[in-house]
Amino acid sequence: MRACLRSIAVAVPDGTLAREDWKRLAPRIVPEGAPPAVLARLAARSGIDSRGCAATPPGAPCFYPVAEGATASDPGTAARMRLWRDAAFGMAERAAAEACARAGIGPEEVTHCITASCTGYESPGIDAHLIERLGMRRSCRRLNVGHMGCHAAVNALASARDAVLAEPSARVLVACTEVSSAHFQRSSRMDRLVANAIFADGCAAAVGAAGATGEREVAATHTVLIPGTADEMRWTVGDHGFEMTLGARVPDILREHVGAWVREALAAHGLRT
């Protein structure tokens, strides 16, 4: 029995943010204390030419108001959750519909729906929205992977793999959706300036099912929690959106620990770097 990916599809919001657009937008989001040269350097070093951005809808005002001097009226967490909902539900619907079409199955054939997002929450959530809008069976088993950051997709795929191996007739839809622009922070802290400059909005969806040799297989997933690193990367709920902490030690921690972990994970399958 092999758990395989039958299809992959993506969706992005209507709004986009090119590098030059970001350089014009950034000064109205961050306080006056952040030097424009630093913002320009972060934009250049990001290597990002353009990214999806629900906060800058075409033909409509930017979600973030222009700062009045040294102060500004930041959107509260409730307003940011509305932005997340409007963008996330639409992107997930488009990506999921395309993934099902590419897999050659109707939405009514989906037996399991696994969603992931750490940039917003609502209940009923994306999973219930997909069932309603795509006409999926109402007995579809649902799972939401929340607040697990960048590795949420890996956990979602691991759950999809488990479902297929436990039930060979399963058709598992996975949809991972993030609206990072809902959480741009008006802060001069370097880690938050970096977060503002690199994260984007979008959805990726996939359909998993039992397959044969030669298909794209999810052969295994592996995870590790490095001791003493909980404070290096954090994602907490604040009064003005979700607040990210990116410790300066993160590159050194990854350099020290990830290589050995990858070699150990590959060795378990008779592979090596």
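Residues numbered from 1 in each chain as written. Predicted model: local features only at pLDDT ≥ 70, side-chain atom pairs only at ≥ 80, totals over all residues. Heavy atoms only, no water.

Trainee: Which residues make up the overall build of the chain, and what are the values?
Mentor: Summing up its helical and strand segments, the chain has seven helices and nine strands in all. In summary, the chain has a C-alpha radius of gyration of 20 Å against a globular reference of 19 Å for 273 residues, a match within 12%. When each of the 273 residues of the chain is scored for burial, the buried share is 44%. The contacts of the chain with a sequence gap of at least 6 include a subset with a gap of at least 24, amounting to 81%. Carbon and sulfur atoms make up 54% of the accessible area of the chain, which amounts to about 14,100 Å² in all. When the 30 basic and 29 acidic side-chain charges of the chain are each reduced to a single mean position, those positions are 3 Å apart. (Helix = DSSP H or I, 4+ residues; strand = E, 2+ residues; numbered from the N terminus. Rg over C-alpha atoms; globule rule 2.2 N^0.38 Å. Buried < 20%, exposed > 50% of the residue type's maximum accessible area, 1.4 Å probe, protein only. Contact = heavy atoms within 4.5 Å. Areas by Shrake-Rupley, 256 points an atom, 1.4 Å probe, with all protein chains shown as cover. Lys, Arg positive; Asp, Glu negative; His and termini not counted. Charge placed at Lys NZ, Arg CZ, Asp CG, Glu CD.)

Trainee: Tell me about the environment of V154, and name the residues and values.
Mentor: Within the secondary structure layout, V154 lies in helix α5 (residues 152-166). V154 gets classed as partly exposed once you look at its relative accessible area, which sits at 40%. For the pair V154 and H222, spaced 68 residues apart in sequence, the C-alpha separation works out to 8.7 Å.

Trainee: Pulling in residues and values, what's your account of the layout of surface pockets?
Mentor: There is about 160 Å³ of room inside the second largest pocket. As for the second largest pocket, its lining consists of M190, D191, V194, M233, L246, G247, A248, V250 and P251. A per-element tally of the lining of the second largest pocket places helix α6 (residues 190-198) first, with three residues. Counted by class, the lining of the second largest pocket contains seven nonpolar, one polar and one charged residues. (1 Å grid on protein atoms, 1.4 Å probe; cavity = no way out; pocket = protein on both sides within 12 Å on 5 of 7 lines; lining within 4 Å. Points joined across faces, edges and corners; volume = space filled by probe spheres on them. Nonpolar A, V, L, I, M, F, W, Y, C, P; charged D, E, K, R; others polar.)

Trainee: Can you explain unusual backbone geometry? Please cite residues and give values.
Mentor: Cis rather than trans, the peptide bond between S123 and P124 has omega equal to 0°. Among the structural elements, P124 can be located in the loop between β4 (112-117) and α4 (126-134). At H147, a residue that is not glycine, the phi angle is positive and equals roughly 55°. Relative to the assigned elements, H147 resides in the loop between β5 (141-146) and α5.

Trainee: So, empty space enclosed by the protein: which residues are in play, and what are the values?
Mentor: Any space left empty among the atoms is revealed by the rolling of a water-sized probe across them. Tallied over the full model, the rule gives two cavities of 30 Å³ or more. What the largest cavity holds in volume is close to 70 Å³. Lining of the largest cavity is provided by 14 residues; of these, L5, A160, R161, G208 and V218 occupy positions nearest its centre. Breaking the lining of the largest cavity down by element, the ones donating at least two residues are β1 (2-11), α5, β6 (171-179) and β7 (201-211). Residue classes in the lining of the largest cavity are distributed as 12 nonpolar, one polar and one charged. Each pocket or cavity is described by its volume, and for the second largest cavity that value is around 40 Å³. Along its surface, the second largest cavity is lined by L17, A18, R19, W22, A43, S46, I48, D49, R51 and A197. Where the lining of the second largest cavity is concerned, the elements lending two or more residues are β2 (16-18), α1 (19-29) and α2 (36-46). Each residue belonging to the lining of the second largest cavity can be placed in one class, and the counts come to six nonpolar, one polar and three charged.

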